[in-house]
Amino acid sequence: METAKKQVEQIEKKQTKRPLVLASVMLAMFMGAIEATIVSTAMPAIVGDLGGFSLFSWVFSSYLLMNAVTVLIYGKLSDIFGRKPIIITGILLFLTGSTLCGYSGSMTQLIIFRFIQGLGAGAVLPIATTIVGDIYSKEERAQIQGYLSSVWGISAIMGPAIGGFLVQYVDWKYVFWINIPLGLLSIAGLILFLHEDIEKKKPSIDYAGAILLTAAISSIMIVLVEGGVHWAWTSYQVIGLIVLFILAFSAFIWQERRVENPMMPFEIWRNKSIFIANSVSLTTGVMLIGLSSFLPTFVQGVMEKSATIAGFTLTAMSIGWPISSALAGKLLLKIGFRATSLMGGASLVIGGVLFVYMTPEAGPIWAACGSFFVGVGMGLTSTAFIVSIQSNVDWKKRGIATASNMFMRNLGNTVGAALLGGLLNSRIQDYLHQHGGQGDQGLTVDSANQLLKAAERNRLSMHVRELLQHSLTNALHFVYMVVLLFAIISVIFIFFLPKEQKTS
């Protein structure tokens with residue numbers, strides 16, 4: 001019986017064509033990764049067309065919320081049913097959402113369709129990363145994970161360029177539709193070349209945990225976006241949502257401790273390296289969304305540069321990311337996990353400092369330098385964390401363990417988009433109230449829409465134009481101070497990593 005089982009395993013290994021599976025996985029990751037930079041680049045044009053600047057952060061938050069909540073569910077399902085059917089389902093949902101986003105006629109419709117897109121995105125990155133952990137040995141993972149991380153860099157180099165080109169010369173709708181051929185090619189490759197030998201077992205899915213976590217994250221996200229802008233911090237809406245968050249999150253913890261197969265198995269968090277890696281992924285997730293969401297808006301609205309130039313300030317992040325990711329694979333073997341992560345943390349702090357001291361006069365070069373250092377930090381830390389986590393668990397928990405790290409990054413993105421978006425809106429609103437004259441009473445947060453299209457910006461009076469630009473500059477300065485704070489917190493966490501960390 002044992003011999004027969006080994007023969008089956010050998011056949012399965014022969015059938016799975018690793019280079020072609022890796023190519024398909026990287027294509028799927030490229031599709032998800034390019035979405036981040038290409039949409040960020042196009043957002044000023046989208047808001048200028050559809051209106052609703054106060055809903056700006058919801059375009060990111062809706063996508064990230066579904067991504068964050070579903071990533072753990074998909075990780076668990078992949079451990080039960082295998083990686084292949086789950087990632088294909090995710091890609092199909094992602095493509096459905098992308099198609100609908102291109103047909104949006106209002107910001108509200110776009111936000112709803114981004115929910116669908118995020119529902120599929122939750123499967124793409126974690127399951128793609130897990131597949132690589134399955135088909136490559138521990139010794140090979142450091143180098144291969146470097147390749148995977150470089151996908152983010154390459155996609156972000158191309159994303160702003162493609163996004164800027166489409167916005168200026170075609171239509172912003174195509175920034176969503178460009179995903180369709182990429183996703184279909186990835187599905188074809190996975191169907192043809194990935195073969196799994198899955199042990200049949202009765203599904204046990206923690207639906208209650210998923211619902212409770214969704215309720216908890218949704219409620220706190222709404223508070224962070226709307227608190228101090230549309231609702232007073234002491235209003236019954238804000239207080240009620242905070243109470244809902246506390247109750248839902250407490251119930252989630254209780255649920256996870258009592259069920260046999262929890263959505264988030266807390267025992268993996270008892271490993272110190274995994275706990276620290278996931279905590280840092282949370283804080284760096286906040287940083288990442290703070291830069292990618294709002295930097296193009298600053299470059300276009302305040303520096304008055306084109307969408308293409310705004311996109312290339314993000315491209316610098318992506319140049320640093322793949323270079324450091326490839327370097328991380330070698331550094332892990334030479335100087336260890338902790339030293340590699342500390343180098344990444346230091347680079348994040350340098351990038352954060354550059355953004356805090358960024359002024360409109362500094363120009364896009366300054367913004368690009370800050371992006372580059374953040375990219376280097378992300379490449380070093382993310383590669384090191386994934387290799388460490390996958391080396392600390394076996395196959396049966398690798399899907400959920402990898403997903404837990406992606407979940408924390410996505411949670412950081414989600415909370416960051418809400419928190420920083422809420423801060424941006426409230427600071428703009430406060431600035432307009434404090435510095436606006438008698439004739440400026442009609443100016444609101446949504447008035448910033450007019451800065452994002454050159455034609456509308458040029459129709460503004462010099463006084464109103466400067467007032468809106470100063471309000472945006474002041475608000476983003478505060479946002480980047482918070483980003484720097486999270487970079488410092490990340491480094492503090494990294495210092496607590498074990499000094500001896502195996503990578504194989």
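On a predicted model such as this, the values are computed, not experimentally measured, just so you know.

Asks: Got a minute to help me understand the overall build of the protein in this structure?
Replies: What the protein contains, in helices and strands, is 17 helices and 0 strands. Sorting the 504 residues of the protein into buried and exposed places 59% on the buried side. Considering only intrachain contacts with a sequence separation of at least 6, the fraction spanning at least 24 residues in the protein is 84%.

Asks: What's the story with the side chain of Lys84 in this structure? I'm lost.
Replies: Along the chain, Lys84 turns up in helix α4 (residues 83-101). Looking at Lys84, its side chain comes within polar contact range of the main-chain oxygen of Leu194, at 2.9 Å. Sequence-distant contacts of Lys84, defined by excluding residues within four places in its chain, comprise Leu190, Ile191, Leu194 and Glu196.

Asks: Where do I start with the confidence of the model for the protein in this structure?
Replies: When pLDDT is low, close inspection of the predicted coordinates is not appropriate. With 86% of its residues at a pLDDT of 70 or more, the protein has an overall mean of 79. For the protein, per-element mean pLDDT is lowest for helix α1 (residues 2-15), which scores 48, and highest for α4, which scores 91. Note that residues 1-13 has pLDDT below 50 and, in this model, 5 contacts with residues that lie over four places away or in other chains.

Asks: What is the right way to look at the layout of surface pockets in this model?
Replies: Of the volumes computed, that of the second largest pocket is approximately 320 Å³. In terms of lining, the second largest pocket is formed by 17 residues, of which the most central are Leu213, Phe249, Phe407, Met408 and Leu411. Sorting the residues of the lining of the second largest pocket by element identifies α9 (207-226), α10 (236-258) and α15 (395-435) as the ones contributing at least two each. Residues belonging to the lining of the second largest pocket are distributed by class as follows: 17 nonpolar, no polar and no charged. Here the lining of the second largest pocket gathers at least three residues from each of two domains, domain 2 (206-260) and domain 3 (265-498).

Asks: Would you explain helix α11 (residues 272-301) in this entry?
Replies: Helical periodicity: at 3.6 residues per turn, an α-helix aligns residues three or four positions apart in one direction. Its 30 residues give α11 an end-to-end C-alpha distance of 44 Å, which sits within 8% of 44 Å, the value for a rise of 1.5 Å per residue. By the largest-angle criterion, Phe294 marks the main kink of α11, which is about 35°, and a proline, Pro296, follows within four residues. Across the 30 residues of α11, 27 count as buried, placing the element largely inside the fold.

Asks: Quick question: what am I supposed to make of α10 here?
Replies: Relative to the 33 Å expected for 23 residues at 1.5 Å per residue, α10 spans 33 Å between its end C-alpha atoms, a close match to the ideal helical length. For α10, the full list of buried residues reads Val238, Leu241, Ala248, Phe252, Gln255 and Glu256.

Asks: I keep staring at the environment of Leu485 and nothing clicks. Help me out?
Replies: Looking at the element boundaries, Leu485 is found in helix α17 (residues 462-494). Here the alpha-carbon distance between Leu485 and Val353, two residues 132 residues apart in the chain, equals 9.6 Å.

Asks: So what exactly am I meant to see when it comes to the packing of helix α13 (residues 337-356) against α17 here?
Replies: A packed helix pair is summarised by two numbers, namely the angle formed by the two axes and the spacing between the axes. Contact pair α13 / α17: the axes reach a minimum separation of 8 Å and the direction vectors enclose 165°. With respect to each other, α13 and α17 are oriented roughly antiparallel. Relative to α17, α13 is oriented so that their crossing is left-handed. Listed contacts from α17 to Arg338, Ser341, Leu342, Gly345, Ala346, Leu348, Val349, Gly352, Val353, Phe355 and Val356 of α13 are His477, Tyr480, Met481, Leu484, Ala487, Ile488, Val491 and Ile494. Of the residues assigned to the contact of α13 with α17, the class counts are 14 nonpolar, 4 polar and 1 charged.

Asks: Would you mind showing me how to read a nonpolar patch on the surface here?
Replies: Where nonpolar side chains cluster on the molecular surface, the patch consists of Phe165, Tyr169, Val170 and Tyr174 and spans about 450 Å² of accessible area. Looking at the element boundaries, Tyr169 is found in helix α6 (residues 138-169). Taking relative accessible area as the criterion, Tyr169 reaches 59% and is therefore assigned exposed.

Asks: Just to check I follow, could you spell out the side chain of Ser219 for this structure?
Replies: Secondary-structure assignment places Ser219 in helix α9. In this structure the side chain of Ser219 is engaged in a polar contact, spanning 2.9 Å, whose partner is the backbone oxygen of Ala215. When residues no more than four places from it in sequence are discounted, the contact partners of Ser219 are Leu241, Leu244 and Phe245.

Asks: Even after reading the chapter, I still don't get the environment of Leu55, so can you show me in this structure?
Replies: For Leu55, the location among the structural elements is in the loop between α2 (18-50) and α3 (56-81). On a C-alpha basis, the gap between Leu55 and Glu226 in space is 9.7 Å, while along the polypeptide they are 171 residues apart.

Asks: Just to check I follow, could you spell out the packing of aromatic side chains for this structure?
Replies: Describing an aromatic ring pair means giving the distance of the ring centres and the angle of the ring planes. Counted by the stated rule, this structure contains 7 aromatic pairs. Centre to centre, the rings of Phe372 and Phe373 are 5.9 Å apart; their planes meet at 80°, and the pair counts as edge-to-face. According to the relative accessible area criterion, Phe372 is partly exposed, its value standing at 30%. Clustering of aromatic rings is evident, with ring pairs tying together Tyr103, Tyr174 and Trp177. The ring of Tyr63 has Arg114 sitting right over it, with the charged end atom 4.3 Å from the ring centre. One residue, Arg427, lies across the ring of Phe478, its end atom 4.2 Å from the ring centre.

Asks: Sorry, what's going on with the packing of α11 against helix α14 (residues 363-391) here?
Replies: Contact geometry of α11 with α14 gives a least axis separation of 10 Å together with a crossing angle of 155°. One way to sum up the angle between α11 and α14 is to call them roughly antiparallel. The handedness of the crossing between α11 and α14 comes out as left-handed. Counting all contacts with α11, which are made through Ser273, Ile274, Ala277, Asn278, Val280, Ser281, Thr284, Met287, Leu288, Leu291 and Leu295, the residues of α14 involved are Ala367, Ser371, Val374, Met378, Phe385, Ser388 and Ile389.

Definitions and cut-offs
Residues numbered from 1 in each chain as written. Predicted model: local features only at pLDDT ≥ 70, side-chain atom pairs only at ≥ 80, totals over all residues. Heavy atoms only, no water. Helix = DSSP H or I, 4+ residues; strand = E, 2+ residues; numbered from the N terminus. Buried < 20%, exposed > 50% of the residue type's maximum accessible area, 1.4 Å probe, protein only. Contact = heavy atoms within 4.5 Å. Polar contact = N/O pair within 3.5 Å; in protein donor to acceptor, adjacent residues only side chain to side chain. pLDDT = per-residue confidence, 0-100. 1 Å grid on protein atoms, 1.4 Å probe; cavity = no way out; pocket = protein on both sides within 12 Å on 5 of 7 lines; lining within 4 Å. Points joined across faces, edges and corners; volume = space filled by probe spheres on them. Nonpolar A, V, L, I, M, F, W, Y, C, P; charged D, E, K, R; others polar. Domains from an automatic or database assignment. Expected span 1.5 Å × (residues − 1). Bend = angle between axes of the 7 residues up to and from the residue. Axes fitted to C-alpha atoms, helices over the stretch in contact; angles between N-to-C directions. Parallel < 35°, antiparallel > 145°, perpendicular 65-115°, else oblique. Left-handed = near helix turned anticlockwise from the far one by under 90°. Patch = residues over 30% accessible without salt bridge, like charges linked within 9 Å, V, L, I, M, F, W, Y side chains within 5 Å. Areas by Shrake-Rupley, 256 points an atom, 1.4 Å probe, with all protein chains shown as cover. Salt bridge = Lys/Arg side-chain N within 4 Å of Asp/Glu carboxyl O. Phe/Tyr/Trp six-rings, centres within 6.5 Å; stacked < 30°, edge-to-face > 60°. Lys NZ or Arg CZ within 6 Å of the ring centre and 35° of its normal.

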